[in-house]
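In case you want the letters, here they are:
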Amino acid sequence: MKGFLRTFLRMITLLAAVSILSFLLLAKSPVDPLTAYVGASSTMSEEAKEEIAEYWGLNDPPLERFLTWAGNTLRGDFGTSIVYKQPVLTVIRERFQYSFVLMITAWICSGLLGFILGILAAVYQDSILDKTIKTICLIFQSAPTFWVGLLMLSIFAVNLGWFPIGLAAPMGKTAAEVTLGERVHHLILPAITLSILGIGKITLYTRQKLLEILNSEFILYARARGESTWQIVRRHGIKNIAIPAVTVQFASFSELFGGIALAESVFSYPGIGSAVTEAGLGGDVPLLLGIAIFSAVFVFAGNLTANILYGVIDPRIREGISHE
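Cut-offs and rules
Residues numbered from 1 in each chain as written. Predicted model: local features only at pLDDT ≥ 70, side-chain atom pairs only at ≥ 80, totals over all residues. Heavy atoms only, no water. Helix = DSSP H or I, 4+ residues; strand = E, 2+ residues; numbered from the N terminus. Buried < 20%, exposed > 50% of the residue type's maximum accessible area, 1.4 Å probe, protein only. Areas by Shrake-Rupley, 256 points an atom, 1.4 Å probe, with all protein chains shown as cover. Patch = residues over 30% accessible without salt bridge, like charges linked within 9 Å, V, L, I, M, F, W, Y side chains within 5 Å. Salt bridge = Lys/Arg side-chain N within 4 Å of Asp/Glu carboxyl O. Lys, Arg positive; Asp, Glu negative; His and termini not counted. Charge placed at Lys NZ, Arg CZ, Asp CG, Glu CD. Contact = heavy atoms within 4.5 Å. Core = buried A, V, L, I, M, F, W, Y, C linked by side-chain atoms within 4.5 Å. Phe/Tyr/Trp six-rings, centres within 6.5 Å; stacked < 30°, edge-to-face > 60°. pLDDT = per-residue confidence, 0-100. Axes fitted to C-alpha atoms, helices over the stretch in contact; angles between N-to-C directions. Parallel < 35°, antiparallel > 145°, perpendicular 65-115°, else oblique. Left-handed = near helix turned anticlockwise from the far one by under 90°. Nonpolar A, V, L, I, M, F, W, Y, C, P; charged D, E, K, R; others polar.

S.K.: Sorry, what's going on with the overall build of the protein here?
M.R.: Helices and strands together make up the secondary structure of the protein, namely 14 helices and 0 strands. A total of 324 residues make up the protein; the buried ones form 41% of that total. With the model as given, the accessible surface of the protein reaches about 18200 Å², and the carbon-plus-sulfur share is 66%.

Take a look at the structure:
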């Protein structure tokens, strides 16, 4: 019970801090919501602009706007998006459906591929394979998401024509007409681009942890008993490197949220990342605040899930906690 209360208080504190910090940053933003709403070259009268500003509460002092927003949020009303003219929760729900599929696909691909590559690099340490894997990982780690996305788009969509240029479904079709294969076809390039964010880290981390195990003293005894390298990896290595791998992979949720806006913008993918971009350019404070809170909860849930899985993977951790 105490553990649950501590977790709940940490989440409340996190949400409060994210809300205050996000609002302060948006209040200091150079983007004028009214100008973004009506357009810089609008011929609208000053009276009409004043009515719009009054309707959205743009003339109120920042503190009053924040307290009003916070009070409404506590009642479950996150406000109305200025850009989409819809309730914020509706926009987040519709957009997150696309983003969740993209993120979970990229997350699983990067985790599995990174884990396998890390094991191969450790087993064949200092070989050409190991050096190649490390080089590729370092390139992935330093490559900007938008650059990788543009490169993928240029090669596989424009030059080779293997994949569509963008969007989550073919143009001119209703949602009911789009097949699963078409959705997967549109998902592949954005998912590959986003998964590159996590492959390098999980690969290098897994490699290092497995090397520590392979160079430990108890492995010498295993080798003396006639166990091969792959038997040692299967019996002693995978279980011991699984927990660090889970830790790193679940911690990558925040990186996925950081990279998804760029990946979705490059591929015109209608997810929550592209909504962030449009909301930022349009000065849509209610939507930006709603997405900030939602992303904080999502990342917190990912880290909490990782802590729970520790006990599933290694019962010794769960037993240690229960004795405290």
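S.K.: Help me understand a nonpolar patch on the surface in this model?
M.R.: A cluster of nonpolar residues, Phe146, Trp147, Leu150, Leu151, Ile155, Leu160, Trp162 and Leu262, forms a patch on the protein surface that exposes about 770 Å² of accessible area. Among the elements that make up the nonpolar patch, the one with the highest residue count is helix α7 (residues 145-159) (5 residues). Summarising the element assignment, Ile155 is placed in helix α7.

S.K.: Looking at this structure, I do not really get a negative patch on the surface. What am I missing?
M.R.: A cluster of acidic residues, Glu46, Glu47, Glu50, Glu51 and Glu54, forms a negative patch at the surface. By relative accessible area, Glu46 is classed as exposed at 58%.

S.K.: What's the story with the side chain of Ser195 in this structure? I'm lost.
M.R.: Of note, Ser195 is situated in helix α8 (residues 180-214). Ignoring anything within four residues of it in the chain, the contact list for Ser195 reads Ala106, Cys109 and Ser110.

S.K.: Teacher, can you tell me more about the nonpolar core here?
M.R.: The nonpolar side chains of soluble globular proteins are, as a tendency, buried together. Counting 41 residues, the largest nonpolar core has Leu102, Met103, Leu194, Phe253 and Leu287 as the members making the most contacts within it. Elements supplying a minimum of two residues to this core: α1 (2-27), α4 (62-74), α5 (88-123), α8, α10 (229-251), α11 (253-266), α12 (272-281) and α13 (285-313). Not counting residues within four places of it along the chain, the set of residues in contact with Phe253 comprises Trp107, Phe298, Val299 and Gly302. Of all hydrophobic cores here, the second largest spans 16 residues; its members include Ile119, Val123, Leu210 and Ala222.

S.K.: Which parts of the structure should I look at to understand the packing of aromatic side chains?
M.R.: For any two aromatic rings, the description comes down to two numbers: the centre-to-centre distance and the angle of the planes. All chains considered together, the criterion is met by 7 aromatic pairs. Aromatic side chains Phe96 and Phe100 sit 5.7 Å apart centroid to centroid with 50° between the ring planes, which places their arrangement in the tilted category. Within this pair, Phe96 and its partner Phe100 are both found in helix α5, separated by 4 residues, close to a single helical turn. Its relative accessible area of 15% is what places Phe96 among the buried residues. Judged by centre distance (5.9 Å) and plane angle (40°), the rings of Phe156 and Trp162 are tilted. Residue classification places Trp162 among the exposed residues on the basis of a relative accessible area of 51%.

S.K.: How do you make sense of the pattern of salt bridges when you look at a structure like this?
M.R.: It is possible for side chains of opposite charge to pair when their charged atoms get near one another. As enumerated under the stated definition, the model contains 1 salt bridge in all. Across the pair Asp130 and Arg207 runs a salt bridge whose closest N-O atoms are separated by 2.9 Å. Of this pair, Asp130 sits in helix α6 (residues 128-142) while Arg207 sits in helix α8, placing them 77 residues apart in sequence. Comparing Asp130 with Arg207 shows no difference in burial state: the two are buried.

S.K.: What is the right way to look at the environment of Val123 in this model?
M.R.: Mapped onto the elements of the fold, Val123 is located in helix α5. Under the relative-accessibility criterion, Val123 is labelled buried at 18%. Note: C-alpha distance between Val123 and Leu214 (91 residues apart in sequence) is 8.5 Å.

S.K.: Please clarify how the environment of Val178 should be interpreted in this entry.
M.R.: Summarising the element assignment, Val178 is placed in the loop between α7 and α8. Take Val178: its relative accessible area is 11%, and that puts it in the buried class. Taking the C-alpha atoms as reference points, Val178 and Ala168, 10 residues apart in sequence, are found 9.8 Å from one another. Look past the residues within four positions of Val178 in its chain and what remains in contact with it is Ala169, Pro170, Lys173 and Arg183.

S.K.: Sorry if this is basic, but what is going on with unusual backbone geometry here?
M.R.: Residues other than glycine predominantly adopt negative phi, and peptide bonds predominantly adopt the trans conformation. Of note in this structure, Lys85 is not a glycine but carries a positive phi near 55°. Examined against the element boundaries, Lys85 turns out to sit in the loop between α4 and α5. Classification of Lys85 as partly exposed rests on a relative accessible area of 47%. One non-glycine residue, Asp126, lies in positive phi territory at about 65°. Within the secondary structure layout, Asp126 lies in the loop between α5 and α6.

S.K.: Before we go on, may I ask you to explain the confidence of the model for the protein in this structure?
M.R.: Close inspection of predicted coordinates is inappropriate for parts of the model with low pLDDT. Averaged over the protein, the pLDDT score is 80; the fraction of residues at 70 or greater is 89%. Taking the mean pLDDT of every element in the protein, the minimum, 48, falls on helix α14 (residues 315-322) and the maximum, 89, on α5.

S.K.: Got a minute to help me understand the side chain of Thr203 in this structure?
M.R.: With respect to the secondary-structure elements, Thr203 resides in helix α8. Dropping the residues within four chain positions of it, Thr203 is found in contact with Gly114, Leu117, Gly118, Ile133 and Cys137.

S.K.: So what exactly am I meant to see when it comes to the packing of α5 against α10 here?
M.R.: The relative placement of two packed helices comes down to the angle between their axes together with the axis-to-axis distance. In contact at an axis separation of 11 Å, α5 and α10 are set at 140° when each is read in the N-to-C sense. Here α5 is positioned oblique relative to α10, judged by the angle of their axes. Of the two possible hands of crossing, α5 and α10 adopt the one that is right-handed. Only Thr229, Trp230, Val233, Ile238, Ile241, Ala245, Gln249 and Phe250 of α10 make contact with α5, whose side of the interface consists of Trp107, Ser110, Gly111, Phe115, Ile119, Leu120 and Val123. For the contact of α5 with α10, a count of residues per class yields 11 nonpolar, 4 polar and no charged.

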